Amino acid sequence: MKANKRSMMRTVICAAALAALPGLAFAQGQPVKIGLLATLEGPFAAGGADGMRGAELAVAQRAGTVAGRKIEVIKASSNANPDVAVNAARKLVEQDKVDILVGPLSGGEGIAIKDYSKSQQQVTFINGSSGAQGATLVNPSANFFRFNTEGAQWMFGLGKAAMDKGYKRVMVIAEDYSFPYSQVQGFMAQYCALGGKVPLKAWVPLGGKDYSSVIARIPKDVDALLVVLGGADAVNFLTQYENSGGDKPMLGGSITVSQDVLNYKGKRRDSLVGTISAGPIADSFDGAEWKAFVADYRKAYPVSAGGFPSPSLFAYTYYQNMKAALDGLAAVNGDLSANHAKFRQTLSTMTLKTPTGNIKLDENRQAVGTTFVTEVVKDSKGDLTTKVLLKVDNVNQLLGMKKEDFQLGTRDVPACP
Amino acid sequence: MSAAKWRRAMSAGSLAGTGQTGTHRQEPAGPSSKESVSSSTSTRLGRMRASIKPRHILCLLAALALPFVATPFFTYQVAAQSLILGLVALSLSFLAGYGGMVSLAQMSVAGMAGYAVAVLGVSGTEISLGWHWGVVLVFALLISVVASALIGWLSVRTDGIYTIMITLAIGVAFYYLVLQNYSVFNGFQGFQKVHPPVVLGIKWRDPIPLYGLALTCALAGYFFVQWLVRTPFGIALQGIRDNPRRMNSLGYNVTAHRVAAYAVSGLLAGVGGVLLIWYNGLISPGSVGTGWLINILVIAVLGGTKHPLGAFLGAAIFVLMQTFAIDLIDRERFNLLIGGVFLAIVLFSPDGLLGLWAALRARWQLAQAKTSTIRRRP
């Protein structure tokens with residue numbers, strides 16, 4: 001028995017040593033190491049897991065190799081807090097020595113990672129799905145690239161759609177941090193210009209459980225509510241609003257009606273039907289590339305294996321950014337010499353073919369791309385899905401404004417009470 | 001025994017006792033009293049020298065050599081972070097181990113010091129006042145000491161689970177304050193780019209300087225607690241932990257001692273908080289959220305609260321698990337491993353790692369004692 005135990009111990013140690021070996025033996029540049037950072041804990045855990053699926057799909061589509069080099073993906077998790085995200089990124093960059101880092105997921109994290117990227121010139125940082133404007137608009141970092149459009153761009157077009165529906169006055173209910181500020185700005189930039197009014201904005205803490213005080217403040221004379229809440233928060237709000245007898249129609253933010261909210265199994269989910277929202281994806285977009293992408297996603301991650309019926313926004317943006325990294329690597333034939341000089345040059349100038357259309361970067365390495373305005377409908381199977389109302393191409397980060405007129409979205413900017 | 005007999009016996013005994021001790025004490029008192037005055041400092045040094053054992057020097061050398069052997073990542077993210085979190089946990093294990101008071105607000109106190117550094121000093125946000133770092137440090141530590149004393153003053157009249165509830169409530173209240181206040185604390189986004197000052201031409205955020213700073217503070221905190229618990233104040237505090245009513249009737253002010261203990265722990269947590277914000281370079285409400293309040297308790301319990309060393313041991317295990325668990329197990333399940341290890345340690349050793357170590361040592365000594373008696377037999 002004792003000898004048995006000892007021999008088992010020996011086997012375990014040997015196995016551990018063997019597992020560590022490849023890392024040592026082939027560190028000399030053969031596989032290309034890509035760090036993948038998403039939130040597997042905290043309020044966006046479901047979204048983070050789907051983001052990872054999207055990124056893995058991009059790797060799988062290239063059968064795990066690019067330009068003859070094997071792709072080695074190393075994962076890390078955060079919980080949507082910037083300090084945790086930077087700790088996780090530091091592990092990927094300084095301990096695991098990745099060449100490229102794809103991530104993070106949420107706005108505040110994105111700004112923190114952008115700041116961190118300035119001290120790590122040997123690594124190319126490509127965003128995950130973080131959508132804060134400041135990450136590329138304020139003090140941009142030369143080695144931080146974002147191939148997804150951001151929070152304000154995602155909402156461009158919703159203002160017009162709301163006016164078309166006859167909503168003249170809208171109250172805003174949004175989480176109190178940078179990403180919803182951007183979302184609200186993207187909506188209001190167009191809405192206010194077309195003559196709409198926003199008499200009241202209620203900023204609620206992220207992860208709040210009780211919305212009764214906000215619901216009590218909703219004025220009688222508004223035509224609709226703009227709800228920019230993510231994941232579990234949105235579900236909480238909807239339940240409480242429904243319970244208190246609310247009946248105002250809803251406008252949704254880009255992550256309010258993402259697939260993980262549409263998948264909500266509660267009784268109240270029918271109240272989501274008719275909600276219009278805007279974002280970089282639309283489940284029912286009928287472009288051929290989009291359909292192929294959705295089919296690929298469903299094949300790789302069937303619902304029975306934990307996937308969503310249709311890829312979420314997080315899956316899509318992570319896919320987009322990972323694809324950009326791999327396409328860039330393929331274009332330079334895997335050449336990452338001289339601090340990735342050629343690779344970064346290619347990333348800055350290439351046209352990325354994505355399932356929703358072409359994407360190019362502006363001078364701050366920020367994507368200029370397509371936004372969809374969608375309406376929630378019920379399909380024949382009873383699943384909630386979205387229908388495209390409007391497709392707006394080439395939305396840039398300044399929302400069509402001149403640089404000198406543009407102000408970063410905050411709690412009070414823009415305003416049209 | 002009758003009352004009179006008993007009284008006689010007692011008085012005789014006490015007389016005899018005083019007589020005996022009197023003669024015993026008086027004889028050597030003459031020469032030694034002068035000696036003790038002149039040599040009190042030297043004997044103290046001697047006692048210190050005697051208490052330093054080879055293993056202490058070995059530990060110190062290992063700690064000093066670490067940054068030159070390990071990678072900068074390990075030095076910074078694992079070692080420095082462990083020392084800093086250990087310092088915050090030390091403030092809790094001092095309160096819990098020597099004062100018998102479990103406070104969940106220690107991370108909030110550390111966060112107050114951190115927020116003070118961010119608000120009064122330099123950061124990437126316009127709110128910061130940009131004062132000189134020396135002034136900022138004094139204010140940060142002062143704020144944490146005063147805040148901790150106030151928390152103590154509120155909570156020391158309660159016991160056990162009620163203390164935990166009150167301190168938890170204070171911690172959560174502070175979290176929501178910084179989350180929802182924009183004019184001073186900048187809400188959800190908090191403060192970015194809060195870097196330590198460049199002093200003596202050294203960038204204190206580089207791995208080795210930060211590690212050195214953390215190690216110095218951690219050692220200072222460790223020896224400070226070691227020293228404090230042997231002073232009359234520390235002894236009285238431990239007496240209060242064991243039996244507050246008896247200490248009260250002996251004339252000790254229980255409340256004052258407990259509040260003072262809170263103030264001391266506030267200083268330790270404040271130093272930890274300042275180092276933590278320099279380490280992270282940013283602070284946001286997430287840094288003082290419920291998760292962190294409980295993490296500090298987990299660290300203290302993991303290591304064991306019977307000795308100041310426990311806090312640092314617990315922090316090392318905690319940080320190692322947080323950093324590397326994701327490499328060992330499936331990406332979505334790594335928190336399970338962390339929880340499992342914590343559960344195992346607490347289950348098998350109620351007094352944390354220190355308890356485990358003590359149990360191992362006791363077993364080893366027992367084995368040695370057995371062998372030595374065998375050997376002594378002819």
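Residues numbered from 1 in each chain as written. Chains lettered and ligands numbered in written order. Predicted model: local features only at pLDDT ≥ 70, side-chain atom pairs only at ≥ 80, totals over all residues.

So, on to the overall build of chain B. In terms of regular secondary structure, chain B is built from 14 helices and 2 strands. Burial status across chain B gives 40% buried among its 378 residues. (Helix = DSSP H or I, 4+ residues; strand = E, 2+ residues; numbered from the N terminus. Buried ≥ 20, exposed ≤ 12 C-beta atoms within 10 Å, placed from the backbone.)

What follows deals with the overall build of chain A. The secondary structure content of chain A amounts to 14 helices and 15 strands. A total of 417 residues make up chain A; the buried ones form 52% of that total. Partitioning the contacts of chain A with sequence separation of at least 6, the portion at a separation of at least 24 is 77%. (Contact = placed C-beta atoms within 7 Å.)

Detailed conclusions should not be drawn from predicted coordinates in areas where pLDDT is low. Looking at chain A as a whole, the pLDDT averages 84, with 90% of positions reaching at least 70. Under a pLDDT of 50 for its full length, residues 17-28 of chain A has, in the predicted model, 1 contact with residues more than four places off or in other chains. (pLDDT = per-residue confidence, 0-100.)

This brings us to the sheet that holds strand S6 (residues 144-145) of chain A. Residues and elements named next belong to chain A. Taken together, 6 strands build an open sheet; the order of strands is S2-S3-S1-S4-S5-S6 and the sheet is mixed. Unpaired on one side and paired on the other, strand S2 (65-66) and S6 mark the two borders of the sheet. Bridge count between strand S5 (residues 124-126) and S6: 2 bridges; the pairing is parallel. Within S6, the position partnered with isoleucine 126 by the bridge is phenylalanine 145. In the packing of helix H2 (residues 45-61) onto the sheet, contacts are made with strand S1 (32-39), strand S3 (69-78) and strand S4 (100-102), and the angle to S1 comes to roughly 155 degrees. Those strands touched by helix H3 (residues 82-95) are S1, S3 and S4, and its axis lies near 150 degrees from that of S3. (Pairing = 2+ DSSP bridges. Axes fitted to C-alpha atoms, helices over the stretch in contact; angles between N-to-C directions.)

The subject of this paragraph is the confidence of the model for chain B. Residues and elements named next belong to chain B. For chain B, mean pLDDT is 80; residues scoring 70 or higher make up 83% of the total. Low pLDDT, under 50, characterises residues 9-39; the predicted model gives this stretch 0 contacts beyond four residues in sequence or across chains. Per-residue pLDDT stays below 50 along residues 373-378; that stretch engages in 0 contacts with residues further than four places along the chain or on separate chains. For this predicted complex, the interface confidence comes out at an ipTM of 0.71, alongside a pTM of 0.76.

We now examine the environment of valine 117 of chain B. Residues and elements named next belong to chain B. With respect to the element layout, valine 117 can be found in helix H4 (residues 106-120). Measuring from C-alpha to C-alpha, the distance between valine 117 and glycine 100 comes to 30 Å, with 17 residues separating the pair along the chain. Ignoring anything within four residues of it in the chain, the contact list for valine 117 reads Val136, Ala140, Val194, Val274 and Ile277.

Taken together, the contact between chain B and chain A spans 20 residues of the former and 23 residues of the latter. Only helix H3 (72-99), helix H6 (160-180) and helix H12 (309-328) of chain B provide two or more residues apiece to the side of chain B that touches chain A. Here the element with the most residues in the side of chain B that touches chain A is H3 of chain B; it accounts for 3 residues. Of the residues that constitute the side of chain B that touches chain A, the class distribution is 6 nonpolar, 11 polar and 3 charged. (Nonpolar A, V, L, I, M, F, W, Y, C, P; charged D, E, K, R; others polar.)

Turning next to the domain arrangement of chain A. Residues and elements named next belong to chain A. Domain boundaries in chain A define domain 1 (31-149 + 290-369) and domain 2 (153-285 + 371-395). A separation of 27 Å is found between the C-alpha centroids of domain 1 and domain 2. Contact with domain 1, which involves 25 residues of that partner, is made by 28 residues of domain 2. Broken down by secondary-structure element, the contributors of at least two residues to the side of domain 1 that touches domain 2 are H2, helix H4 (107-117), helix H13 (313-331) and strand S14 (367-378). The element that contributes the greatest number of residues to the side of domain 1 that touches domain 2 is H13, accounting for 3 residues. Its residues placed into classes, the side of domain 1 that touches domain 2 shows 10 nonpolar, 15 polar and no charged. (Domains from an automatic or database assignment.)

Attention shifts here to unusual backbone geometry. All names here are of chain A. In this chain, glycine 103 is followed by proline 104 through a cis amide linkage whose omega measures 0 degrees. Among the secondary structure elements, proline 104 is positioned in the loop between S4 and H4. Here the bond from valine 413 into proline 414 is cis, since omega is -10 degrees, no more than 30 degrees from zero. Checked against the element boundaries, proline 414 lands in the segment after strand S15 (384-395). We note that alanine 80 has phi near 75 degrees; this positive angle belongs to a residue other than glycine. Within the element layout of this structure, alanine 80 appears in the loop between S3 and H3. For alanine 80, a count of 27 C-beta atoms within 10 Å gives the class buried. Positive phi values are uncommon outside glycine, yet asparagine 394 reaches one of about 55 degrees.

Right, let's get into the nonpolar core. Core analysis: the biggest nonpolar cluster contains 208 residues, and Ala89, Leu101 and Val102 of chain A together with Ala89, Val117, Leu275 and Ile296 of chain B have the highest contact counts within it. Among the elements that make up this core, the one with the highest residue count is H3 of chain B (16 residues). There are two domains that each give this core at least three residues, and those are domain 1 (31-149 + 290-369) and domain 2 (153-285 + 371-395) of chain A. Val257, Leu262, Leu272 and Leu384 of chain A belong to the second largest nonpolar core, which has 5 residues in total. (Core = buried A, V, L, I, M, F, W, Y, C linked by C-beta atoms within 7 Å.)

Now for H4 of chain B. Look at H4 of chain B: 21 Å from first C-alpha to last across 15 residues, which is about the 21 Å you get at 1.5 Å a residue. Counting buried positions along H4 of chain B gives 15 out of 15 residues, so the element sits mostly inside the fold. (Expected span 1.5 Å × (residues − 1).)

All names here are of chain A. Across 4 bridges, strand S7 (residues 170-175) lies against strand S8 (residues 201-204) in parallel orientation. Paired with alanine 174 across the two strands is tryptophan 203, which belongs to S8. For the handedness criterion, the β-α-β arrangement of S7, helix H8 (residues 178-193) and S8 is classed as right-handed. (Right-handed = clockwise from strand over helix to strand, strands pointing away.)

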